[in-house]
Structures are given as C-alpha cells and as structure tokens.
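Observations on the model geometry
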Amino acid sequence: MTLQTLTDEQHAFVEAIRDFARRECGTREQRDALTEHGREPHNQQLYERIAELGWLGVAIPEAYGGSGGGAVELCLLCEEFPRGLIPMGFFPISMMTARPVERFASEELKQEILGGIVRGNVEAIAMSEPEAGSDVGNLSCRADRVDGGYVLNGQKTWITGAHVASHILVVCRTKRTDDKHEGLSMISIPRGTDGVEVRGIETMGGREVNDVFLTDCYVPAERLVGEQDRAWTQLMAGLNNERLIIAAQALGMAERALDDVLAYVKERKQFGRPIGSFQALRHRLADLATEVEATRLLVYGVAAKVDTDPRAMLPREASMAKLKATELAKKATLEGMQMMGGYGYAVEYDMERQVRVALVTTIYGGTSEIQREIIAKALGL
Ligand SMILES: Cc1cc2nc3c(=O)[nH]c(=O)nc-3n(C[C@H](O)[C@H](O)[C@H](O)COP(=O)(O)OP(=O)(O)OC[C@H]3O[C@@H](n4cnc5c(N)ncnc54)[C@H](O)[C@@H]3O)c2cc1C
C-alpha cells in the first residue's frame, strides 16, 4: 500500500500526524527537550496531548472510546511516530497488550485497560524471564490459586514501560504438566499493587525496559484475562498483531533514516561536489529506497490481510514482515551513519540515536533468528 492507495480518511490521518511531528518535534531542540537529550524514548505529556486528538484509540473498538480502525490504521500510526521522531516509545507495547485484552478479557477489564489506552495510559506485557527469552514457554513465574484470587511469585525481565504502566499483563504459570505450553495464564496487575518491584535496566535506548520482581503479590481472580491455563493459545492468537506493530515501527525508522541521509548527501560536498553524486553512494541509496518501498508493500499487504480476517494467525506473513522491516531499519540507519561519515557518529546529529533505537528491533518481539525459524517451518523445513 502506498500513500496513493490509502483512503482519503487514512491519507488525512497520515498528513495530520506529519503536521504534528513538524510542529512539535521538527527541530533538534524540541526533540532534546522532549526526550531529555535522547535518554527518554517516551514523553507522557505529549502522549496525553496525542490522546486528546483521539489518535491512540485508532485501533480500539468504539465501545471502549476508540475509533474502531483496523490493522492498517494501527500500522500508519506506528510507522509515523518514529518517522516523525515523535517520542511515543510506549505506544506499540500498549497496543500489543491491548490485543489479548480485547479478545479475551472481561467487559470490566476491557473498559479499564482499553479505555485507559485511549486516554493516554501506558500498558505493559510481561512474558520474558531470565531463563525464558526466545523459549518463552519455559517461563516459571508462578501464580497460586488462593481464596478470591492468585498469589504471584517470580521475576520478569526486559519489560518495556513497566515503570510508567497503568497495568502489567503478566504471563505466569498456574499449572505444570509435561507440556510447557500448557498451564500458563494471563493476569493483569494494576500499578501500585503490593508485592511488585520495578527496577530499570540501562540500555543503549535509554530508559525503556525493566526487571519486575513479584513477591507474594495478591491479585483478585477477576483480573485473570481469558481462561486459566490457556494463555499460550491466547498469546499465539495475538502474535500477528505484535509482529505487524513492530514491522510498521521499524519501517518508519528506515524511512526516517533514508529521508535524513538523502537530505545530508545532497548538501554535503567533498571533492567539489555533493557526496550523493558519487556512484558508490547513489547506488546504495537507490537500493535502500527500493527496499523501503518493497517493505512498505509487504507490511501493508499483511495489515490488509489481517483486516480481511482478524482471526487469521498468518505466522508466515507476520514473521516475514517483522524480519524484513527490522533488518531494514538496522541496515538503513547503519548505512545512514556510514554515508554521513563522522557526523553520523556524532551525538549532535540524530542518526546515532536512530541507529541505537533500530538495532534492538531485530531482538525484541522474537529475534530475527526465531522469525526465520517460523518462516522455514512454514516452508516445510
Ligand atoms: C528493548 C527490549 C524490550 C523488550 N520488551 C519486552 C516486553 O515488553 N515484554 C517481554 O515479555 N519481553 C520483552 N523483551 C524481551 C525480548 O522479547 C527477548 O529479549 C527476546 O525474545 C530474546 O530473548 P533473550 O534476550 O533471552 O535472548 P536468547 O533467547 O537467549 O537468544 C540469544 C541468541 O540466541 C538465538 N537463539 C535462541 N534460540 C534460538 C533458536 N531456537 N534458533 C536459533 N537461534 C536461537 C537468538 O536469536 C539470539 O540471537 C524485550 C527485550 C528488549 C531488548
């Protein structure tokens, strides 16, 4: 899907986000002020202003205050935030958390969590543990059934936005059988619950991820999302959504890197001519632009398929979109840095920040190696 094939409404939506980005985040001074010089990937004040514009609910059903759009609208927003360098770092993870809630949670939890996202709340989802990364089914955080609820004990790690989230959707073990994928459950823990400790992890991307320690943490039974012991199936049902969100985000990063490096190579002169006129750079930029266009078609092709049949799992297509877009974000930003020479490496320019943010996209939400495994399996290998 190109800009030309969007509906008038979708087109206007994109133009409005781009206009907002130019006004609010158009200069380096504005971006530095909003992100504490790149240390904060998310600005909550700006987020709440965006919520007031109604954009955060673009893919939340109308019953919960959203505008009821689908995967294409969600991708447009996830793509335009990084393309406009708008520091909305915790929107994608909030929408990844929203999907299982929308599909499986009780009406009360839907009102609370989905309605909260529309109003500007951040939501976190906690699957990973120190011994359960790519092998997430190996998780051991425990929830024991007690009178009226559950008591949780264990450690979660790498949890995006947990330090500011209104709730953490914890995937935990409620039963142990020979099949590690059986006996998992999803429980929503509200902010401020006793027995939850959140500790930040320093990364190249700034203040984004956390360890979460759960110690005798009591949660009422009504906070179970979906069915007890069925979380694996519930997680699998949302994977296409998660991969598509990350793919759209990575696509936006790649586009921004390409836009920025194009502007740079047209300006910067060496040997008496713009460096963009050297064939060594021109051809690589032509290749990059081609890859961006192809990736855009792939990402929006998968989004359109999801909209046609929201219940389809699409493991092959969603993994291809995630793999291609994130590897491209990495390549485009590293190429951007290389073509900007020393200035690409300098903190004064945005590109080094863009490199740091792009590098991790091939790791979270399932690494590139894991996406290739899924695609290979779909090929019958
Ligand atoms: C910035 C960031 C944000 C994150 N946010 C969240 C979050 O909000 N919630 C959450 O639950 N988790 C989150 N994660 C965790 C993330 O999903 C995991 O880091 C990821 O799944 C990889 O797990 P791991 O880091 O333990 O690496 P490992 O699983 O230990 O993998 C290490 C290496 O081995 C490779 N590998 C492992 N198994 C295989 C295999 N079978 N075949 C081939 N290669 C293999 C991997 O590809 C990788 O290269 C986040 C991580 C980061 C870095």
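Procedures and definitions
Residues numbered from 1 in each chain as written. Predicted model: local features only at pLDDT ≥ 70, side-chain atom pairs only at ≥ 80, totals over all residues. Helix = DSSP H or I, 4+ residues; strand = E, 2+ residues; numbered from the N terminus. Expected span 1.5 Å × (residues − 1). Buried ≥ 20, exposed ≤ 12 C-beta atoms within 10 Å, placed from the backbone. Pairing = 2+ DSSP bridges. Domains from an automatic or database assignment. Contact = placed C-beta atoms within 7 Å. Nonpolar A, V, L, I, M, F, W, Y, C, P; charged D, E, K, R; others polar. Near = placed C-beta within 6 Å. Axes fitted to C-alpha atoms, helices over the stretch in contact; angles between N-to-C directions. Parallel < 35°, antiparallel > 145°, perpendicular 65-115°, else oblique. Left-handed = near helix turned anticlockwise from the far one by under 90°. Core = buried A, V, L, I, M, F, W, Y, C linked by C-beta atoms within 7 Å.

**Section: helix 4 (residues 71-83)**
Residues lying three or four places apart along an α-helix face the same way, a consequence of the helix completing one turn every 3.6 residues. Its 13 residues place the ends of helix 4 18 Å apart at the C-alpha level, agreeing with the 18 Å of an ideal helix rising 1.5 Å per residue. Among the 13 residues of helix 4, 13 are classified as buried, and the element is accordingly described as predominantly covered. Looking one or two residues past helix 4, Leu 85 carries a phi angle of roughly 50°, positive in sign.

**Quick word on the pairing of strand 1 (residues 123-126)**
Within a regular strand, side chains alternate between the sheet's two faces. Because side chains alternate across strand 1, one face comprises the buried residues Glu 123 and Ile 125, and the other comprises Ala 124 and Ala 126, equally buried. Bridging between strand 1 and strand 4 (residues 167-173) involves four bridges; their strand directions are parallel. What sits directly across from Ala 124, in strand 4, is Ile 168.

**So, the domain arrangement of the chain**
Partitioning the chain into structural domains gives domain 1 (3-121), domain 2 (125-229) and domain 3 (233-378). Once you take the C-alpha centre of each, domain 1 and domain 2 turn out to be 25 Å apart. Contacts between the two partners involve 20 residues from domain 1 and, on the opposite side, 17 residues from domain 2. Elements with a minimum of two residues in the side of domain 1 that touches domain 2: helix 5 (91-104) and helix 6 (107-119). Sorting elements by how many residues they give to the side of domain 1 that touches domain 2 places helix 5 first, with six residues. Class assignment for the residues of the side of domain 1 that touches domain 2 results in 10 nonpolar, seven polar and three charged.

**A few points about the site of the ligand**
The immediate surroundings of the ligand are formed by 22 residues, with Gly 133, Ser 134, Trp 158, Thr 367 and Glu 369 found nearest. Among the secondary structure elements, those contributing two or more residues to the shell around the ligand are strand 1, strand 7 (206-220) and helix 12 (368-378). When residues of the shell around the ligand are assigned to their parent elements, the largest contribution, three residues, is made by helix 12. Residues of the shell around the ligand, tallied by class, amount to 11 nonpolar, eight polar and three charged.

**Here's the deal with the packing of helix 5 against helix 7 (residues 231-267)**
Two elements in contact, helix 5 and helix 7, have axes separated by 9 Å at closest approach and are oriented at 155°. Of the possible angle classes, the one that applies to helix 5 and helix 7 is roughly antiparallel. Our pair here, helix 5 against helix 7, has a crossing hand that is right-handed. Where helix 5 approaches helix 7, its residues Pro 92, Met 95, Met 96, Arg 99, Pro 100, Arg 103 and Phe 104 are matched on the opposing element by Gln 234, Leu 235, Ala 237, Gly 238, Asn 241, Glu 242, Ile 245, Ile 246 and Gln 249. Class assignment for the residues of the contact of helix 5 with helix 7 results in nine nonpolar, four polar and three charged.

**Section: unusual backbone geometry**
A positive phi angle, near 70°, is found at Asp 229, a position not held by glycine. Taking the number of C-beta atoms within 10 Å as the measure of exposure, Asp 229 has 15 and is therefore partly exposed. One non-glycine residue, Phe 271, lies in the positive phi region at around 55°. Position of Phe 271 relative to the elements: it lies in the loop between strand 9 (269-270) and strand 10 (273-274).

**Regarding the nonpolar core**
Among the nonpolar cores identified, the biggest contains 105 residues, and Cys 75, Ala 126, Ile 187 and Leu 244 are the most heavily contacted of them. With 17 residues, helix 7 is the largest single contributor of residues to this core. Sequence-distant contacts of Ile 187, that is, excluding residues within four places in its chain, are made with Ala 143, Tyr 150, Leu 152, Val 170, Cys 172, Val 219, Arg 223, Leu 224 and Val 225.

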